[in-house]
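# Inside the fold
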Amino acid sequence: MFNFTLILPELFVLCMVCVVMLVDLFVEQRQQVLTYALTQLTLVGAAILTLCIYCIPTTANFSGLTVHDHLGSVLKLAIYITSFFVFLYSRNYFRQQNMGKGEPYLLGLCSILGMMVLVSAHNFLTLYLGLELMSLPIYALTALQRDKEQALEAAIKYFILGALASALLLYGLSMIYGASGSLDITQVANVIGANSTQHPLIFVFGLVFVVAGLAFKIGLVPFHMWLPDVYTGAPNAATLFLAVAPKVAVIGMTIRLLVECLPGLQVQWQELLIVISVLSMILGNFVAIVQTNIKRMLAYSTIAHGGYILLGFIAGTAAGYSAALFYTLAYAIMSLGAFGIITLLSKQGFDVETIEDLQGLNDRNPWLAFMMMLLLFSMAGLPPTIGFFAKLSLIEALVSTHFVWLACIAMLVAVIGVYYYLRVIKVMYFDKPLDNKPFSLAWDAKMAITINGLAILYFGIFPGALITLCQQLFWSGTMLN
Amino acid sequence: MQLLLTAILLPPLLGAILAGIFGTIIGRVASHRVTVLGVLISFICSCIIFKNFILDHQSTQNIIAYTWGTSGAFQFNVGFLIDNLTATMLMVVTSVSLLVHVYSIGYMRGDAGYQRFFSYISLFTFAMLMLITANNFFQLFFGWEAVGLVSYLLIGFWFTREPANFGSLKAFIVNRVSDVGFILGIGGVITLFGTVDFLPVLAQAPKVAASLPTISLFAGTSWSIITVICILLFIGAMGKSAQMPLHIWLPESMEGPTPISALIHAATMVTAGVYMVARLSPLYELSASALTFILVIGATTALFTGILGVVQNDIKRVIAYSTLSQLGYMVAALGASAFAAGIFHLVTHAAFKALLFLAAGSVILALHHEQDMRKMGGLRRYLPLTYSCFLVGALALAAIPPFSGFYSKDAIIEAVHLSTIHGASYAYVALMIGVFVTALYIFRAFFMTFHGSCSANSASQDNIRENGWVIWLPLVILAIASITIGMIVKHADALQLALHAFTSLPFWLAIAGIVTAWFCYVIRPAIPAMLANKFSWLYYILIKKYGFDDFNQIVFVRGTRALAQLLYNYGDQRLIDDGLVNGSGRLIQWISATLKRLQTGYIYNYALAMIIGVLALVLWQMLIA
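Residues numbered from 1 in each chain as written. Chains lettered and ligands numbered in written order. Predicted model: local features only at pLDDT ≥ 70, side-chain atom pairs only at ≥ 80, totals over all residues. Heavy atoms only, no water.

### Brief notes about the overall build of chain A
Each helix and strand in chain A was counted, giving 19 helices and 2 strands. For chain A, with 481 residues in total, the buried portion stands at 65%. Residue pairs in contact within chain A that sit at least 24 positions apart in sequence constitute 80% of those at least 6 positions apart. When the accessible surface of chain A is split by element, carbon and sulfur atoms take 70% of a total near 17,000 Å². (Helix = DSSP H or I, 4+ residues; strand = E, 2+ residues; numbered from the N terminus. Buried < 20%, exposed > 50% of the residue type's maximum accessible area, 1.4 Å probe, protein only. Contact = heavy atoms within 4.5 Å. Areas by Shrake-Rupley, 256 points an atom, 1.4 Å probe, with all protein chains shown as cover.)

### With respect to helix α4 (residues 114–133) of chain B
Counted at 1.5 Å a residue, the expected span for α4 of chain B with its 20 residues is 28 Å, and the 29 Å between its end C-alpha atoms agrees. Among the 20 residues of α4 of chain B, 18 are classified as buried, and the element is accordingly described as predominantly covered. (Expected span 1.5 Å × (residues − 1).)

### Some points on the environment of Gly 185 of chain B
Residue and element names in this part refer to chain B. As for its placement among the helices and strands, Gly 185 is situated in helix α6 (residues 162–193). Judged by its relative accessible area of 0%, Gly 185 falls in the buried class. Note: C-alpha distance between Gly 185 and Cys 230 (45 residues apart in sequence) is 7.2 Å. Apart from residues no more than four positions distant in its own chain, Gly 185 is found in contact with Ile 229, Leu 232 and Leu 233.

### Quick word on the interface of chain B and chain A
Residue-level contacts link 25 residues of chain B with 37 residues of chain A. Run the count over chain B and chain A and you get 0 salt bridges. Counting across the interface, chain B meets chain A through 7 residue pairs in polar contact (both at pLDDT 80 or more). Of the residues assigned to the side of chain B that touches chain A, the class counts are 18 nonpolar, 6 polar and 1 charged. (Salt bridge = Lys/Arg side-chain N within 4 Å of Asp/Glu carboxyl O. Polar contact = N/O pair within 3.5 Å; in protein donor to acceptor, adjacent residues only side chain to side chain. Nonpolar A, V, L, I, M, F, W, Y, C, P; charged D, E, K, R; others polar.)

### Notes on the packing of helix α12 (residues 294–315) of chain A against helix α13 (residues 318–345) of chain A
All names here are of chain A. At a minimum axis distance of 8 Å, the contact between α12 and α13 shows a crossing angle of 170°. Between α12 and α13, the angle falls in the class roughly antiparallel. On the side of α12, the interface is formed by Ile 294, Lys 295, Leu 298, Thr 302, His 305, Tyr 308, Ile 309, Gly 312, Phe 313 and Ala 315, while α13 contributes Gly 320, Tyr 321, Ala 324, Tyr 327, Thr 328, Tyr 331, Ala 338, Phe 339 and Ile 342. Each residue belonging to the contact of α12 with α13 can be placed in one class, and the counts come to 13 nonpolar, 5 polar and 1 charged. (Axes fitted to C-alpha atoms, helices over the stretch in contact; angles between N-to-C directions. Parallel < 35°, antiparallel > 145°, perpendicular 65-115°, else oblique.)

### Here's the deal with the pairing of strand β2 (residues 74–82) of chain B
All names here are of chain B. Extensive coverage of β2 is indicated by the burial of 7 of its 9 residues. In the sheet, strand β1 (residues 61–71) pairs with β2 via 9 bridges, with the strands oriented antiparallel. By the bridge assignment for β2, Thr 70 is matched with Gln 75. Following β1, the chain reverses through 2 residues before pairing antiparallel with β2; Gly 72 in that reversal takes a positive phi of roughly 60°. (Pairing = 2+ DSSP bridges.)

### So, the pattern of salt bridges
Side chains bearing opposite charge may pair, as long as their charged atoms lie close to each other. Residue and element names in this part refer to chain A. On inspection of all chains with the given rule, the structure shows 15 salt bridges over all chains. Put simply, Lys 157 and Glu 153 hold a salt bridge, and the shortest N to O gap is 2.8 Å. With a gap of 4 residues between them, Lys 157 and Glu 153 both fall in helix α6 (residues 149–180), about one helical turn apart. The salt bridge involving Arg 256 is made with Glu 260; its shortest N-O contact spans 2.9 Å. Here Arg 256 and its partner Glu 260 are both found in helix α10 (residues 236–261), 4 residues apart, which amounts to about one turn of the helix. The class of Arg 256 is buried, set by a relative accessible area of 0%. Take Glu 260: its relative accessible area is 13%, and that puts it in the buried class. Several salt bridges converge on common partners, so that one network encompasses Glu 153, Lys 157, Asp 229 and Arg 296.

### Side note on the nonpolar core
Residues and elements named next belong to chain B. Formed by 201 residues in total, the largest nonpolar core has its most connected members in Phe 137, Leu 233, Tyr 284 and Phe 443. Among the elements that line this core, the one with the most residues is helix α15 (residues 339–366), at 20 residues. Aside from chain neighbours lying at most four places away, what touches Leu 233 is Phe 137, Gly 181, Phe 182, Gly 185, Ile 186, Val 189, Met 276, Leu 280 and Tyr 284. (Core = buried A, V, L, I, M, F, W, Y, C linked by side-chain atoms within 4.5 Å.)

### A few points about the confidence of the model for chain B
For chain B, the average pLDDT comes to 84, and 98% of its residues sit at 70 or higher. Overall fold confidence (pTM) sits at 0.62, and the ipTM for the predicted complex is 0.88. (pLDDT = per-residue confidence, 0-100.)

### Looking at the confidence of the model for chain A
Predicted confidence across chain A gives a mean pLDDT of 90, with 97% of residues reaching 70 or more. Averaged pLDDT values over the elements of chain A bottom out at 85 in helix α7 (residues 185–194) of chain A and peak at 95 in helix α4 (residues 103–119) of chain A.

### Considering the side chain of Ser 408 of chain B
Residue and element names in this part refer to chain B. Note on placement: Ser 408 falls in helix α17 (residues 404–418). Judged by relative accessible area, Ser 408 falls into the buried class, the value being 0%. The residues touching Ser 408, leaving out its near neighbours within four places in the chain, are Phe 344, His 345 and Thr 348.

### Side note on the packing of helix α8 (residues 225–240) of chain B against helix α13 (residues 288–309) of chain B
Residues and elements named next belong to chain B. Here α8 crosses α13 at 25°, and the two axes come no closer than 9 Å. The angle between α8 and α13 falls in the class roughly parallel. Handedness of the crossing formed by α8 with α13: right-handed. Of the residues in α13, those touching α8 at Thr 227, Cys 230, Ile 231, Phe 234 and Met 238 are Ser 289, Ala 290, Phe 293, Ile 294 and Ile 297. For the contact of α8 with α13, the residue count by class is 8 nonpolar, 2 polar and no charged. (Left-handed = near helix turned anticlockwise from the far one by under 90°.)

### Notes on a nonpolar patch on the surface
All names here are of chain A. Together, Met 21, Leu 22, Leu 25, Phe 26, Val 27 and Leu 34 make up an exposed nonpolar region whose accessible area comes to about 600 Å². Counting residues per element, the nonpolar patch draws most heavily on helix α1 (residues 8–26), which supplies 4 residues. Considering the arrangement of structural elements, one finds Leu 22 in helix α1. According to the relative accessible area criterion, Leu 22 is partly exposed, its value standing at 48%. (Patch = residues over 30% accessible without salt bridge, like charges linked within 9 Å, V, L, I, M, F, W, Y side chains within 5 Å.)

### Looking at the packing of aromatic side chains
What the rule picks out here adds up to 49 aromatic pairs over all chains. Seen from their ring centres, Phe 85 of chain A and Tyr 89 of chain A are 6.2 Å apart, and the 55° between their planes marks the pair as tilted. You can see Phe 85 of chain A and its partner Tyr 89 of chain A sitting in helix α3 (residues 70–96), 4 residues apart, about one turn around the helix. Accessibility expressed as a relative area gives 1% for Tyr 89 of chain A, which makes it buried. Pairing Phe 507 of chain B with Trp 508 of chain B gives two aromatic rings, centres 4.9 Å apart and planes at 80°, and the pair type is edge-to-face. Phe 507 of chain B sits in the buried class, given a relative accessible area of 6%. Clustering of aromatic rings is evident, with ring pairs tying together Tyr 114, Phe 117, Phe 118, Tyr 120, Phe 157 and Trp 158 of chain B. Between the NZ or CZ atom of Arg 91 of chain A and the centre of the ring of Tyr 36 of chain A, over which it lies, the distance is 4.6 Å. The ring of Tyr 308 of chain A carries the charged tip of Lys 391 of chain A above its face, separated from the ring centre by 4.8 Å. (Phe/Tyr/Trp six-rings, centres within 6.5 Å; stacked < 30°, edge-to-face > 60°. Lys NZ or Arg CZ within 6 Å of the ring centre and 35° of its normal.)

### Some words on the side chain of Gln 359 of chain A
Residue and element names in this part refer to chain A. Position of Gln 359 among the secondary structure elements: in the loop between α13 and α14 (361–364). Residue classification places Gln 359 among the buried positions, given a relative accessible area of 16%. Once you skip the residues sitting within four places of it in the chain, Gln 359 turns out to touch Val 427, Asp 431, Lys 432, Pro 433 and Leu 434.

### Some words on the layout of surface pockets
All names here are of chain B. Its boundaries defined by the atoms lining it, the largest pocket holds a volume of some 1,000 Å³. Of all the elements in the fold, those that place two or more residues in the lining of the largest pocket are α2 (23–55), α3 (84–107), α15 and α20 (469–489). A total of 8 residues in the lining of the largest pocket trace back to one element, the largest contributor, which is α3. Residues of the lining of the largest pocket, tallied by class, amount to 22 nonpolar, 6 polar and 1 charged. A volume near 840 Å³ is recorded for the second largest pocket. Around the second largest pocket, the lining comprises 30 residues; the ones closest to its centre are Val 310, Arg 444, Tyr 521, Pro 528 and Ala 529. (1 Å grid on protein atoms, 1.4 Å probe; cavity = no way out; pocket = protein on both sides within 12 Å on 5 of 7 lines; lining within 4 Å. Points joined across faces, edges and corners; volume = space filled by probe spheres on them.)

### Brief notes about unusual backbone geometry
The phi torsion of most residues other than glycine is negative, and most of the peptide bonds are trans. With an omega dihedral of 0°, the bond running from Val 221 of chain A to Pro 222 of chain A counts as a cis peptide bond. Within the element layout of this structure, Pro 222 of chain A appears in the loop between α8 (201–218) and α9 (226–233). The omega torsion across Met 244 of chain B and Pro 245 of chain B is 0°, close enough to zero to call that bond cis. Examined against the element boundaries, Pro 245 of chain B turns out to sit in the loop between α8 and α9 (249–252). Positive phi, close to 55°, is recorded for Ser 63 of chain A, a residue that is not glycine. Along the chain, Ser 63 of chain A falls in the loop between β1 (59–61) and β2 (66–68). For His 57 of chain B, which is not glycine, the phi torsion reads 55° and is therefore positive. Locating His 57 of chain B in the fold gives a position in the loop between α2 and β1. By relative accessible area, His 57 of chain B is classed as exposed at 62%.

As structure tokens, this is what we get:
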């Protein structure tokens, strides 16, 4: 089974990576307009290709190395769209902060290719290949400002700890391979499912390491330590990039591994995830309160949101998985906007770092302040924003599977979380600005942030379509068995 | 019939709206014209109803105007119940209201809130009419609260005066206390009967009572539900009709304009409680305990508030205490199951008490708002008409035949005398002494005001003269009514009853009261002061009004404030603000700061945390397996 049609988007992106590299090398261009345009074109093209093959039914491809299904396609589309906005927000930043010529775009495209491989992987090897292809360019992206110590420190931390996490994941996968005798996700699932009552200890052993690897990538306690340091240290545009699309891809990987590959070990991974999720929600929300750096605060909020996403997996039902995916997509839109605004506000030689930098934003640019307020409301989970329905569907899934106590904890820490989101809003609206100059945006950035902010509102008021889409992905018929 | 009712109810409401909202546009004269016209229409239509029911003996009518709301099996209707009782009350309310409206044109002349005043009294008339025409408890409660509201507004009519504000708040709060009982009583009716309409409730009552339903209010006790409902409803009546110990608001209500005291706090609103009990008389008949309770409360109020009237120096206060005392008589009549006698006294009292108040108002107006009787005296030479009208009112109040008060009070005393329920003998004695006291205090006021030497200085004496026709015409009409109503009602036996009175004890007690007042305040004016000195402890108790006000002030007002302060200091400030709100904030800050220290920034710490995390998870899972 070698159906190249089904990997057309990946092939297209791969070719375009080469094209962009060559164009960037040989064509004289001021401000990398051509590189930027080609990159965005690549994403648009990949989206069109993905949509063209969307309706082809679920098939395993290349002898089961990859799979084509709706879940993969939807995740890819989410990755394209968010990345498109990421490049749009970052364009000025890349230029002003002297982050190389075409490198950021090139690294970004490589990483996106990795994500595409990752979310459509159906074999431990492809999965690991995609994961590393996604991660390595991000390490480089973090270190792209070579004259900035903080960024280099962050990159080194990220790289070493990332390598450790990869090792843990690989170790876990090899244990499972050794016990099941297969690398194919479906076959492993069949082997484990065959003797579902009593598992060899080695599976559980491998599972713990797999979960640890996943937890690192999502950024969950106690594997979260890299996250605040990297988010803070990396250039704002790099933070923006690594906060959005990779999260979607990693949740995709989690679904592939836990839901598709290891459903036989559900009891075990449920226990593990409960501990990790509760710790993440509590630590993330609590520590975010005392942060003065806005990126660090959002980093801790990312940890908390990761904990929330896990709640859907803990519920262990189709409703729970779709709620987790919905939350992931919602979170992608929210963090895209929040980090996007931080990136947009940064100027030559000035990075927005502390919450005080947002003081009086309402006086300087009311529209941007309003968009930020919507995003923060959504992160806090207040209606009528998408964040409210994301939390609501998770809680529903939890309650319907009798994890009421877990739902209570989630709600309580969410209340604590509201505090630090509202504090930012208070600073934006009620504090006097340090710098009275009005802040204006380029038309494309303005339009993008408007679409971004209004999407929060639109999906908050009409969440039906997106929720239905997420639910359809987990109907039994659409999954490969 | 429905049209007639609409013509009774709506004109006062329209008048109130016109004078209240458009008062400044249409001006003062148009304001009083429109409200007087509204009440006049009401009065004429009431006369028609009165003729149909009382004279032509039309049968009871229960009209449902429309359904206001449904909730499950309940239906809340706006409906009207017209029978002899309603017709009588309609007559009383509209006639007194009409006279007071006319009187107010003179009394309120020049007041800044002229339009507001007429708007309020018209609104009061509407609310009172709603109360007495209601065919269900909810509508009764609507009227009940609406008259309470207008009463509050009118007591505090001169809102720049401190005592007026205090009095209005006091009236409002005391009535809220009694409303608790009233609402609970209505709740009991709904629970027991499943409806709030009077006729079904009263029709079912004997059947329900026969099954002896009981309720356990406190663990281990068992009460008859009928008794509980009756007493709860009566607690509502105790507030509105100012029965002890909820009477404390009525003397204070005299801070309002005098026409209001006549209309609301003598003739109509305060009798709402009496009306309500009479309306529900079949229900009350089923509970001897409730009747005993009512009888004792009524008799106690009749005697002890009457005694307080003897030591008051404010002419309006004397009449206010007299009102309390007379309300006590009415309630005692209800307790003795003499509902007709109670309503009879309500009607006669409305006439002579309105007369006394309006006459007092005439005196007050002539003396330029002087209310202290010690500064009056000898006024009969200046105000001959007011003098004779006051005398008629006083004789009626003192139950001297053939004035109207004699017939109604005689009926009450006779009924209580014949009653055999518990407490009847106590009530009889109290009411008998009350007759003496009544005559004493009202003639004390009479002699102090109109006889003796004139205390006002000669310059102002020249200014004292009778007021205009809008003042004296209502007085004359009410005086005629006070003389004749009793004889008209008892037309066949009127003469016989009057003659019989000369051989009965109450009559001679009343005469004794009048003579005592005459002796002490005209012949030997030094006696009262001497008595006050000699029995200073008794005098002190009376001046302090048995300590009800002080008790309330200390226990309830200060107690409530102290409790509120305590809850504010410890509950709100310490526990909620400091402890729960700021405390949880501090706790979270502390946790955050502690957790933050985990983030050391050293890569080997981070790696260690990951390894420990994996090992802990592995160990945990291995141990489980």
